[in-house]
2 protein chains.
Amino acid sequence: MLAMAADQPKLGAMSVMERIVKLGRDDPRRIIHSLKVGLALTFVSLLYYWRPLYDGFGIAAIWAVLTVVVIFEFTVGATLSKGLNRGLGTLLAGALGVGAQHFASLFGQIGEPIVLGFFVFLLAAASTFSRFFPRIKARYDYGVLIFILTFSLVSVSGYRVEKILELAHQRLSTILIGGATCIFISLFICPVWAGESLHNIIVSNIEKLANYLEGFGGEYFRYEDRENVDEDSTHNKSSSLQAYKTVLTSQSSEESLANFASWEPRHGKFSFRHPWKQYLKIGSLARQCAYQIESLNGYINVPTDIQVAIQFRRRIEESCNAISSESGKALRILASSIKTMTNPSLSSKTHIENATAAIDELKNTLKTGYMESSDLLGIIPDATVCCILIDIVKSVEKILEAIEELGVLASFKSVEPTVSPEKSTQLLHRGIVNPLFDGECGDHVVIMVDNEVEVGKSQGLEGKPSNGEMVCK
Amino acid sequence: MLAMAADQPKLGAMSVMERIVKLGRDDPRRIIHSLKVGLALTFVSLLYYWRPLYDGFGIAAIWAVLTVVVIFEFTVGATLSKGLNRGLGTLLAGALGVGAQHFASLFGQIGEPIVLGFFVFLLAAASTFSRFFPRIKARYDYGVLIFILTFSLVSVSGYRVEKILELAHQRLSTILIGGATCIFISLFICPVWAGESLHNIIVSNIEKLANYLEGFGGEYFRYEDRENVDEDSTHNKSSSLQAYKTVLTSQSSEESLANFASWEPRHGKFSFRHPWKQYLKIGSLARQCAYQIESLNGYINVPTDIQVAIQFRRRIEESCNAISSESGKALRILASSIKTMTNPSLSSKTHIENATAAIDELKNTLKTGYMESSDLLGIIPDATVCCILIDIVKSVEKILEAIEELGVLASFKSVEPTVSPEKSTQLLHRGIVNPLFDGECGDHVVIMVDNEVEVGKSQGLEGKPSNGEMVCK
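What you are looking at is a predicted structure, and each value in this text was computed from that prediction instead of being measured. Once a new chain begins, its residue numbering starts again from 1 and follows that chain's sequence as written. By the order in which they are written, chains take letters starting at A while ligands take numbers starting at 1. Per-residue local features of the predicted model are confined to residues with pLDDT of at least 70, and side-chain atom pairs are confined, for both listing and counting, to 80 or more; whole-chain, interface and lining totals are unaffected and use all residues. Just so you know, side-chain values use all the structure's heavy atoms and leave hydrogens and water out.

1. Observations regarding the overall build of chain A
Applied cut-off: Helix and strand assignments come from DSSP, with helices taken as H or I runs of at least 4 residues and strands as E runs of at least 2, each series counted from the N terminus. Burial here depends on accessible area, computed with a 1.4 Å probe over protein chains only, as a share of the maximum for the residue type. Under 20% is buried, over 50% is exposed, and the range in between is partly exposed. We call two residues in contact when some of their heavy atoms are within 4.5 Å. Only the protein chains shown count as cover for residues, with accessible areas throughout obtained via the Shrake-Rupley method and a probe of 1.4 Å.
Across its full length, chain A holds 19 helices and three strands. Burial analysis of chain A (473 residues in total) assigns 52% to the buried set. Once local pairs closer than 6 in sequence are excluded, the contacts in chain A between residues at least 24 apart make up 81%. Accessible surface, chain A as shown: approximately 21,800 Å² in total, 61% of it carbon and sulfur.

2. So, the UniProt feature "transmembrane region" (unreviewed entry) in chain A
Residue and element names in this part refer to chain A. For clarity, the cut-off: UniProt positions are given in the numbering used here, feature names are shortened, and annotations may be inferred rather than shown by experiment.
Within this numbering scheme, the UniProt entry marks residues 31-50, 56-76, 88-108, 114-133, 140-160 and 172-194 as carrying the feature "transmembrane region" (unreviewed entry). In residues 88-108, the share of helix is 90% and the share of strand is 0%. The end C-alpha atoms are 31 Å apart. Measuring from the first to the last C-alpha atom of residues 172-194 gives 28 Å, for a span that is 78% helix and 0% strand.

3. Focus: the pattern of salt bridges
Heads up, the rule is: The term salt bridge refers to a side-chain nitrogen of Lys or Arg lying within 4 Å of a carboxyl oxygen of Asp or Glu.
Tallied over the full model, the rule gives 28 salt bridges over all chains. Taking the shortest distance from any N to any O, the salt bridge between Asp391 of chain A and Lys394 of chain A comes out at 3.7 Å. Of this pair, Asp391 of chain A and Lys394 of chain A are both found in helix H17 (residues 376-409), three residues apart, which corresponds to roughly one turn of the helix. Classification of Lys394 of chain A by relative accessible area gives partly exposed; the value is 35%. The partner of Glu404 of chain B in a salt bridge is Lys349 of chain B, with the nearest N and O atoms 2.8 Å apart. Residue Glu404 of chain B is found in helix H17 (residues 376-409), and its partner Lys349 of chain B is found in helix H16 (residues 346-367); the two are separated by 55 residues along the sequence. Take Glu404 of chain B and Lys349 of chain B: they sit in the same class, and that class is buried. Each of Arg131, Lys137 and Asp141 of chain A takes part in a single network of salt bridges with overlapping partners.

4. Brief notes about the interface of chain A and chain B
Selection rule: Two parts placed together each lose some accessible area under a 1.4 Å probe, and the buried area is that loss summed for both. In protein, a polar contact means a hydrogen-donor-capable atom and an acceptor-capable atom, both N or O and within 3.5 Å, with residues adjacent in sequence counting only if both atoms are side-chain atoms; elsewhere, any N or O pair within 3.5 Å suffices. Here the nonpolar group is Ala, Val, Leu, Ile, Met, Phe, Trp, Tyr, Cys and Pro; Asp, Glu, Lys and Arg are the charged ones; every other residue, Gly included, is treated as polar.
Facing 74 residues of chain A, the contacting portion of chain B comprises 74 residues. Between chain A and chain B lies a buried interface of about 7,200 Å² when both sides are counted; carbon and sulfur atoms form 75% of it. At the surface where chain A touches chain B, the tally comes to zero salt bridges. Between chain A and chain B we count seven residue pairs in polar contact (both at pLDDT 80 or more) in total. Among the elements that make up the side of chain A that touches chain B, the one with the highest residue count is helix H3 (residues 29-49) of chain A (13 residues). Its residues assigned to classes, the side of chain A that touches chain B comprises 48 nonpolar, 16 polar and 10 charged.

5. Things to note about the nonpolar core
What counts is decided by this rule: Definition used in this section: a nonpolar core is a set of buried Ala, Val, Leu, Ile, Met, Phe, Trp, Tyr and Cys residues joined via side-chain atoms within 4.5 Å.
One finds Ile206 of chain A together with Ile206 of chain B to be the most contacted residues of the largest nonpolar core, which totals 140 residues. Apart from the residues within four sequence positions on either side, Ile206 of chain A is in contact with Ile282, Ala286, Leu331, Ala335, Ile338, Ile399 and Ile403 of chain A. Of all hydrophobic cores here, the second largest spans 81 residues; its members include Tyr49, Val68 and Cys182 of chain A together with Phe72 of chain B.

6. Structural notes on the relation of the copies chain A and chain B
Superposition of the two copies of the chain requires a rotation about an axis together with a shift along that axis. Worth spelling out the cut-off: Copy-to-copy superposition: least squares on the C-alpha atoms, limited to residues that have pLDDT of at least 70 in both copies.
Mapping chain A onto chain B calls for a rotation angle of 180° and an axial translation of 0.0 Å; the resulting RMSD is 0.1 Å. What the superposition gives is, in effect, a two-fold axis relating one chain to the other. By C-alpha distance to the rotation axis, the residue of chain A lying nearest is Thr384 of chain A, at 2.4 Å. Of all interface residues in chain A, 99% are interface residues in chain B too; the two copies therefore contact each other through one and the same surface.

7. Structural notes on the packing of aromatic side chains
The geometry of an aromatic ring pair is captured by two quantities: the separation of the ring centres and the angle between the planes. As a reminder of what qualifies: Note on aromatic pairs: the rings of Phe, Tyr and Trp (six-membered ring only in Trp) are paired at centre separations within 6.5 Å, and the planes decide the class, stacked below 30 degrees, edge-to-face beyond 60, tilted for the rest. Whether a charge sits over a ring depends on NZ of Lys or CZ of Arg being within 6 Å of the ring centre and within 35 degrees of the ring normal.
Here the structure, examined in full by the defined rule, presents 31 aromatic pairs over all chains. Ring-pair connections join several aromatic residues into one group, and the members of that group are Tyr212, Phe216, Tyr220, Phe221 and Tyr244 of chain A. In this structure, Lys82 of chain A packs its charged tip against the face of Tyr142 of chain A, placed 4.8 Å from the ring centre. Positioned over the ring face of Tyr220 of chain B is Arg313 of chain B, at 4.2 Å from the centre of the ring.

8. Side note on unusual backbone geometry
Unlike most non-glycine residues, Cys190 of chain B shows phi in positive territory, near 40°. Here Cys190 of chain B is to be found in the loop between helix H9 (164-188) and helix H10 (194-220).

9. Some details on the packing of helix H8 (residues 134-157) of chain A against helix H3 (residues 29-49) of chain B
Filter applied, for reference: Here the axes come from fitting lines to C-alpha atoms, over the contacting stretch only for helices, and the angles between their N-to-C directions go from 0 to 180 degrees. For classification, angles of less than 35 degrees are called roughly parallel, those exceeding 145 degrees roughly antiparallel, those between 65 and 115 degrees roughly perpendicular, and all remaining angles oblique. In a left-handed crossing the near helix is turned counterclockwise from the far helix by less than a right angle, and in a right-handed crossing that turn is clockwise.
One way to put it is that H8 of chain A packs onto H3 of chain B with a least axis distance of 10 Å and a crossing angle of 30°. Taken as axis vectors, H8 of chain A and H3 of chain B run roughly parallel relative to one another. In the crossing of H8 of chain A with H3 of chain B, the sense of the turn from one axis to the other is right-handed. Across from Ile148, Ser152, Val156 and Ser157 of chain A in H8 of chain A, the residues of H3 of chain B making contact are Leu41, Ser45, Tyr48 and Tyr49 of chain B.

10. Notes on the side chain of Ser327 of chain A
All names here are of chain A. Mapped onto the elements, Ser327 comes out in helix H15 (residues 307-340). Looking at Ser327, the relative accessible area reads 3%, which means it is buried. Dropping the residues within four chain positions of it, Ser327 is found in contact with Leu213, Ala322, Ala355, Val393 and Val396.

11. Topic: the confidence of the model for chain A
Reading predicted coordinates in detail is not appropriate for stretches of low pLDDT. All names here are of chain A. Convention followed: On a scale of 0 to 100, pLDDT captures the predictor's confidence in every residue.
Mean pLDDT over chain A stands at 78; residues scoring 70 or higher make up 75%. The model gives residues 225-230 a pLDDT under 50, and that stretch makes three contacts with residues more than four places away or in other chains. Reported for the predicted complex are a pTM of 0.78 and an ipTM of 0.76.

12. A word on the packing of helix H5 (residues 62-71) of chain A against helix H5 (residues 62-71) of chain B
Where H5 of chain A meets H5 of chain B, the axes come as close as 15 Å, and the angle between the chain directions of the two elements is 15°. Comparing their axes, H5 of chain B and H5 of chain A come out roughly parallel. Handedness of the crossing formed by H5 of chain A with H5 of chain B: right-handed. Side by side, H5 of chain A and H5 of chain B meet where Ile62, Trp63 and Leu66 of chain A of the first sit next to Ile62, Trp63 and Leu66 of chain B of the second.

13. Description of the environment of Pro265 of chain B
Residue and element names in this part refer to chain B. You can see Pro265 is positioned in the loop between helix H13 (251-261) and helix H14 (276-297). The exposure class assigned to Pro265 is partly exposed, which follows from its relative accessible area of 30%. Sequence separation between Pro265 and Leu346 is 81 residues, and the spatial gap between their C-alpha atoms is 32 Å.

14. Re helix H14 (residues 276-297) of chain A
Test applied: Between the first and last residue of a helix there are one fewer steps than residues, each counted as 1.5 Å, and that sum is the expected span.
Taking 1.5 Å per residue as the helical rise, H14 of chain A with its 22 residues ought to reach 32 Å, and the 31 Å between its terminal C-alpha atoms agrees with that figure. Here H14 of chain A lies mainly inside the structure; 17 of its 22 residues are buried.

What follows is the structure, encoded as structure tokens:
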């Protein structure tokens, strides 16, 4: 890499600068975070420079620097998690270390190092093994590390430094200062909340799925004019559709954010015990849906030159378009329901019902009428697309249910759905519906829905997910 | 958790013990690793106890303990990566820190802390920002952390401790002792190689896919006797089939193992510059195939009570069984080809060719003959299964190609394939084939194949993956 940079010094510098700018522009919180770390470090360095403080802490002040460097993380949750882990690990190990040192001293000048060595071996091995437990690994890995470190340091250095309690006091208070500095800066200067990030990731993942499904019909059902289409716009459109691919691999970042979020105090719209685990459930349902879209995506741009296939594709076009775009719309509403933390509005269900109605239409098309030719082979890809689309509607229903559960757990606000006017007539017999403002919000009508009716309906939906009986057409 | 444990002390203790035993039994290397960490820590503690050493190093000996606790990781590669990162980060930051301290001293008693504070702020912010680059994050994250830490410590403590070079020397040598201890123990006592682990994970992932595909036919094509089947055996069989699910989410562990593996020296069958990136490519192709299997899996146990569907299923059964089991066999041979580091034998291609032949048969079945009824709906799930199976064969071909590339990159041994006799006649016209031992290896015939012919064939296969022209039937 160095050799490459030397070969093309200017080009290299340019692209590095560009990358730095891009990195900062993509997420300006990164720049702020870097400045915050610089600030925290400069602040604890004061411990050294300021004579009264230095006289109090002495060489132990390095522990404040060390603490800041090691525990200051990008999100508040991660910083808190590391800080608390470090604090607890140090306290526990410090106490145990002093005890071990005292116990070992009973064995005399020669016995003491042997006993201490044995303790260090035992605790280090046991603690290291405990880090293999997935639960401990997820939440307390750093604490266990600090435990081993502190125990070794205290029990071993106690053997030399006679004033062990004073040392422990100095070290603890400097660690406390370092930790408190980090937590303070992390909490009060442009905080980056793991919980909020998780919330946003889940919303954006569902939106990516919605984008794909809304755009799918347009991409899949293009027969002619392929040459006439502006290349650039096609490319841009396709690449915006492909955004769903990141959903396939977002599991680990979701999990670590949920873990950090559980350490965070109340912030913004999120209470201390916000149901972060439910977000993971929704995330994994969204990923299931993304797997299905991944299969679906394999059938885009498969050329169809066989006549029978084109005929068949035209027959299913309307229903498939409807299934896909209605599921997409439902997902978009669900995403915005999480975003605004309101219960999923009736209109999301209406879209699912529309999709289910389109499935029934599609099924009718498939059941009857067709079969001018016996060439099943040519239509298999299209039949597969139908099948996957039907499965996607089931996934969307599962996502709806999981979001309704989230609504209960996180006490989402009750619904004030905005439904487009052509749907509102369909809804009038389905609950206590009071059209409040008509025409005031552009082409939207705001409708109040009784909460109990809402719940009753959602259970009905849960029971019979896709047999078409809940369609209101 | 503590409250829970107090409620059911005996039960809790039992299950904790069971879990510990299970964790150790699942992977005994975990126990050995824990003992190795204990050993390393006890060893560096000697620095304290042994007076001649202590007189040389003084309080700086704590850095040896700290180094061991922080850099001793499970795999050799991770330990080396952390150790080298720590070493380089410390050296670079130490030199810079001394320079900064010297430069700052030019500004007099009052100017010095201000200039130093400015340097600390600048370098801490810049280094923290650099950690957001994915490349630096992946390989040098820990080094940058240590860089910030050491720079702050050196430039700041230099202000107090006059004998800065002596201190640096002490600290470096203790870090060196700690690091060398870890690396020595990690390398020479039951080493756990990241490279070998990656190799094994890729092999086992491909085997899991093979298991699924070999078992798929038996699971999918069961019409009657569902009640008569022994429940337990069904359950066991299904759960062994479901093993492929772990392949869906193995990306991050594969990537980190590949990263650590690139730090490892020659070990066992793997050279220093073994093409670990190609393993990642194979891994991601295997994951693509796992996504397809995930779709396929959705159609198992979907009841078929419609007569027309059962009729259709019986028609496609033979071809689908063949496609699935032949792809499975091909994958199993490919897995063992990676395992033994030999070029993929001809028989893997034969199995793919058999699968392709079965696809052609299936296509013929679908093209002609069928259509006693016009109920397309009933047969859609089966048609989808056909379509996915055809796609899976394409994925298997891609995996084969990637493994052949790996064979070239890692100079796999040349082929001595074992082919079952009924296939060998088909192969006789396809290369320079010398039957050597007949009947000696049970029902197998060993065949020597000229390497060049081998390569030529694989390229042909690349060009036309699934149009049936490479089938020799």
